[in-house]
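Chain and residue survey
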Amino acid sequence: MSVLETRNIVKTYPGTIALNDVSVSFESGKVHALIGKNGSGKSTLVKIFSGAIEPTRGEVLIDGVRMKFSDPRDAFAKGIATVYQELSLVPGLTVAENILIGRLPMRGRFVDWKKTFAIAGELLKEMNVDIPPDEVVYNLSVWQCQMVEIVKAMSFRPKVLQLDEPTSALAQHEIQALFKMIRELKKKDVVIIYVTHRLHELWEIADTCTVLRDGRLIGTVPMQEATHKDIIKMMFGDVEIHTRPHDLKVEDEVVLEVKDLVRKDKFKNVSFQLKKGEILGIAGMLGSGRTELLKSIFGADPFDSGEIYINGQRIFSPSPVKMKKAGLAMTSEDRKREGLNQIASIKDNLCVASLDLIAKGPFIKKHKEDEFAQRQVNELNIKVSDVRDSVSSLSGGNQQKVVVGNWLNTNPKVIFFDEPSRGIDVKAKQQIFQIIWEQSRKGVSSIMVSSELEELLEVCHRILIMREGLIVGEIKPEEVKIEELYSLCMGGEKN
Amino acid sequence: MYGGRKELKTNELGLNTDKLNTNKLNRSKLNIKKITNKYMLEIILLAIVIIMTFTSRGFFTTANLLNILRNMSLQGVIAFGMTMVIIAGEIDLSIGSTVALSGVIIALTTGKLEKAGIMPMEQGVWIGILLAFISAGLFGLFNGFLLTKFKMPSFIITLAMLNVLYGLAAVLSKGFPVTTLPKWYDVFGAGQVFGVIPVPAIILLAVFAIVFVVMTYTKFGRSVYAVGGNPEAARLSGINVKFVKIVCLVVVQLCAALSGLLVSSQVMSGAFSFGRGWEMTAISSAIIGGASLSGGIGKVWGTLVGLIILGVINNSMTLLGVDEYVQYIVRGLLILIAVLINTIQTQKKD
């Protein structure tokens, strides 16, 4: 039997404490769930175990021996294997090669293929994984890759196996297959750390549950004794929710209506109405289909069936070009990859969506362009020294404002904010909320998606709950507590 | 999640303070450095011209300068279309074959029309020219279709088309130069305005001016930069990315057809061997002029300067009696150096 232990672990970053005096121990033969909301420190702890970061103070011990990891490779060599959400298999190679990569059996100077497939086949069989060793990884689905990763990790006979949100990209029956495998693993002498945000999985797979909140260890409970309510309470404690300004009005006019929208494997039968000036939240965990829904409505991704109406007018086969004309705007969750042209100037980025409005015929009107850029810099309070500077020189918060400003320049009627507060500091967050409220005052409606559910409670008039591609409920922020909302999103009962 | 975010923040802070410090320290040096950086190309060009003026007596003469202008015009008209394609984040390697094919199409059509008694060569050549431009446009559309519909890389599409069109030109012309062209046709390639200025040079400047205006002052030009800089961001900003890319690929093909017109006019025949390797000149002018092959960056003015630098260097090497094969080596190294400088500069910015 082996034990993974931390003693008084502290991890500080300039300005914040990510982990504060965490002492906890996990023994082998059990699945230990590690949970907490965003920013609770659970990812930091996983990274310390995997050797990706070093604790500021405190120590990690395996079987009572003090460990110090210089990097992930070192941690791996000392017995801690981590399987991340993003898989690291080489798609063009076979399962066997992937499992044995870097240590293929050789015969003289050449690879001994017979032996390679035999060893890999043996390892797969040992874990009860029904995947042929000569299958090319490219042909496998995500959950099968996940299993191959686990087989690969286990083949090193680690003392600790960390699984970082392994189910977030999987469908229900795939999850069951994975769980079966994890239960098998319990028979081996290995400490299994299981990070998840899907609360209902805990009772199915975990033996103990360790809860972190704001960098502190709240406690560890055995799953048989824990109720849903207990764990929610441990995760959230007492949170203070700010309320939105009182002068925000929702008018009766429906500006956007979606009827029975379906996209296979992403979301189904989504229907809702959005009224003028209304701020509608969509609450859901990662992988619930919320981003996919927004993208399909905006025409950036396809959908299979359903109807979209803007101001009562049905929009057929939407595209971003068409939806922009119809008065829709969307700020993407991924600022870097989908929101900004990083090599272009702040000014260019503020005027991309509104090229039609700053041009007369085919020609750009220089003074209009300057005026448009300057207007957003002033109104959104973007901190710039020169609008001709590269947008990449701005901080995250200011970059986010540029993304929003680009869309405000199109005078939209409806704006989709997908994770508008991701990667920006508290002050910038508040400023973004102010912007959303200000738009509501002007009669512009918004749909906001956020993983930080307390933000939705603070900003929105009404919140739709989305889970596994379905809208499963609708709430008013005044009527529910944050724990209830999380519980709804993570698939617990409302109690 | 938590750790990552915090790290990012310190990074941003670090970057900002860094910038402030250098600003304070280098304010006096900054201006000279900024100016030399900004006008590096022009300074290099000037340096070569000055050196050559003193080393070779024949260099700085009206006749030679006009000669440089004429020589680079034929290939140069393609460079501007290529700049648009490169800024859009794509490439067209097939243009050399389009040059050859256009010349062949013009001469063949003219000949066939006269032989069939439909039209004398004097007028028939116009139909040939029209046909050459239409087919070039269609090649561009075809490339763009494969690119946008099937997401094939433009590099591979146009590499294949380079061979297809080359073969097509050879088949159509049966391997021989086609000379059925009216006498007056040489005005495009060999004509002069006011008795001194070569017509191709005027056409080159016209193409430069049009592309310059489009890329600098129009909605479309802005979209090209946006598409090349981040196609997904451009698409989500409601820009028709496919349309922009297709147009750029059509424009570069039209430029190549124009080049084919000029070269067939200068030689008074259309042959499948024309234009071989001309994609090299077009691409290197753009790259020397500061365009980035990853898209989103590039200046039409820079391409013109890059083109002139290449022209002057070629001319200088000939004047200095440098072996023709050695010239290849020099031109190749020149591109490597230009790309190296570009890469180092962008890495510094990061």
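Keep in mind the model is a prediction, meaning the values are calculated, not measured. (Residues numbered from 1 in each chain as written. Chains lettered and ligands numbered in written order. Predicted model: local features only at pLDDT ≥ 70, side-chain atom pairs only at ≥ 80, totals over all residues.)

Brief notes about the overall build of chain A
- Scanning chain A from terminus to terminus reveals 18 helices and 24 strands.
- Its C-alpha atoms give chain A a radius of gyration of 25 Å, within 12% of the compact-globule value 23 Å for 495 residues.
- By its C-alpha atoms, chain A is 70 × 55 × 45 Å across when sized along the principal axes.
- Burial statistics for chain A: of 495 residues in total, 46% are counted as buried.
- Here the analysis covers contacts within chain A between residues at least 6 apart in sequence; of these, 68% occur between residues at least 24 apart. (Helix = DSSP H or I, 4+ residues; strand = E, 2+ residues; numbered from the N terminus. Rg over C-alpha atoms; globule rule 2.2 N^0.38 Å. Buried ≥ 20, exposed ≤ 12 C-beta atoms within 10 Å, placed from the backbone. Contact = placed C-beta atoms within 7 Å.)

So, the environment of B:Val178
Residues and elements named next belong to chain B.
- With respect to the secondary-structure elements, Val178 resides in the loop between α6 (154-172) and α7 (187-190).
- A count of 24 C-beta atoms within 10 Å places Val178 in the buried class.
- For the pair Val178 and Ser264, spaced 86 residues apart in the sequence, the C-alpha separation amounts to 9.5 Å.
- Those residues in contact with Val178 that sit more than four places away from it in its chain are Val104, Ala107, Leu108, Gly111, Ser173, Ser269 and Gly270.

Looking at the interface of chain A and chain B
- In this complex, chain A contributes 37 residues to the contact, which on the side of chain B involves 30 residues.
- Where the side of chain A that touches chain B is concerned, the elements lending two or more residues are β2 (16-27), α1 (42-50), α10 (320-325), α11 (335-339), β20 (363-364) and α15 (396-408) of chain A.
- Residue composition of the side of chain A that touches chain B, grouped by class: 18 nonpolar, 14 polar and five charged. (Nonpolar A, V, L, I, M, F, W, Y, C, P; charged D, E, K, R; others polar.)

Describing the sheet that holds strand β9 (residues 160-164) of chain A
Residue and element names in this part refer to chain A.
- Taken in spatial order, the six strands line up as β6-β9-β10-β3-β11-β12 in an open sheet, and their pairing is mixed. Edge positions in the open sheet fall to β6 (80-83) and β12 (216-222), since each of these has one partner strand only. Within this sheet the neighbouring strands show an average axis-to-axis angle of 20°, counted without direction.
- The pairing of strand β3 (residues 31-35) with strand β10 (residues 191-195) spans four bridges and is classified as parallel. Across the sheet, residue Leu34 finds its bridge partner in β10, namely Val195. (Pairing = 2+ DSSP bridges. Axes fitted to C-alpha atoms, helices over the stretch in contact; angles between N-to-C directions.)

Comments concerning the pairing of strand β1 (residues 3-13) of chain A
All names here are of chain A.
- Relative to β2, β1 runs antiparallel, the two sharing eight bridges. Looking at β2, one finds that Tyr13 is bridged to Thr16.
- In this structure, β1 lies alongside strand β4 (residues 57-62), joined through five bridges in antiparallel fashion. The residue of β4 that forms the bridge with Glu5 is Leu61.

Quick notes on the packing of helix α9 (residues 219-229) of chain B against helix α11 (residues 241-267) of chain B
Residue and element names in this part refer to chain B.
- Two numbers describe how α9 lies on α11: the axes approach to 10 Å, and their chain directions differ by 105°. Comparing their axes, α11 and α9 come out roughly perpendicular. Residue-level contacts link Ser223, Val224 and Val227 of α9 to Val241, Val244, Lys245 and Cys248 of α11.
- In the contact of α9 with α11, the residues fall into five nonpolar, one polar and one charged. (Parallel < 35°, antiparallel > 145°, perpendicular 65-115°, else oblique.)

Brief notes about the domain arrangement of chain A
Residue and element names in this part refer to chain A.
- One can read the domain layout of chain A as domain 1 (3-236) and domain 2 (254-490).
- Using C-alpha coordinates to define each centre, domain 1 is positioned 35 Å away from domain 2.
- With eleven residues of domain 1 at the interface, the matching set in domain 2 holds ten residues.
- A breakdown of the residues in the side of domain 1 that touches domain 2 according to their chemical character gives four nonpolar, five polar and two charged. (Domains from an automatic or database assignment.)

Description of the sheet that holds strand β24 (residues 470-475) of chain A
Residue and element names in this part refer to chain A.
- Read from one edge to the other, the open sheet built from six strands follows the order β18-β21-β22-β15-β23-β24, with strand pairing classed as mixed. Looking at strand neighbours, the two that pair on one side only are β18 (328-331) and β24, the edges of this open sheet. The mean inter-strand angle of the sheet, taken between neighbouring strand axes irrespective of direction, is 20°.
- Across five bridges, the pairing between strand β23 (residues 462-467) and β24 is antiparallel. Residue pairing for β24: Leu464 is matched across the bridge by Glu474.

Quick notes on the packing of helix α12 (residues 278-288) of chain B against helix α13 (residues 300-319) of chain B
Residues and elements named next belong to chain B.
- Here α12 crosses α13 at 120°, and the two axes come no closer than 7 Å. By the angle between their axes, α12 is oblique relative to α13. Once α12 is placed against α13, the crossing between them reads as right-handed. Only Thr303, Gly306, Leu307, Ile309 and Leu310 of α13 make contact with α12, whose side of the interface consists of Thr281, Ser284, Ser285, Ala286 and Ile288.
- When grouped by side-chain class, the residues that make up the contact of α12 with α13 number five nonpolar, five polar and no charged. (Left-handed = near helix turned anticlockwise from the far one by under 90°.)

Points about unusual backbone geometry
- If you check the backbone angles, A:Asp63 has positive phi at about 50° while not being a glycine.
- Within the secondary structure, A:Asp63 sits in the loop between β4 and β5 (65-67).
- Looking at A:Asp63, the number of C-beta atoms within 10 Å reads 13, which means it is partly exposed.
- At B:Lys174, a residue that is not glycine, the phi angle is positive and equals roughly 55°.
- Along the chain, the position of B:Lys174 falls in the loop between α6 and α7.
- Residue B:Lys174 is classed as exposed on the basis of its C-beta count, with 10 C-beta atoms lying within 10 Å.

As for the pairing of β6(A)
Residue and element names in this part refer to chain A.
- Alternating residues of β6 divide into Ile80 and Thr82 and Ala81 and Val83, and every residue in both groups is buried.
- Pairing of β6 with β9, which is carried by four bridges, proceeds in the parallel orientation. Looking at the pairing, Val83 lines up with Leu163 of β9.

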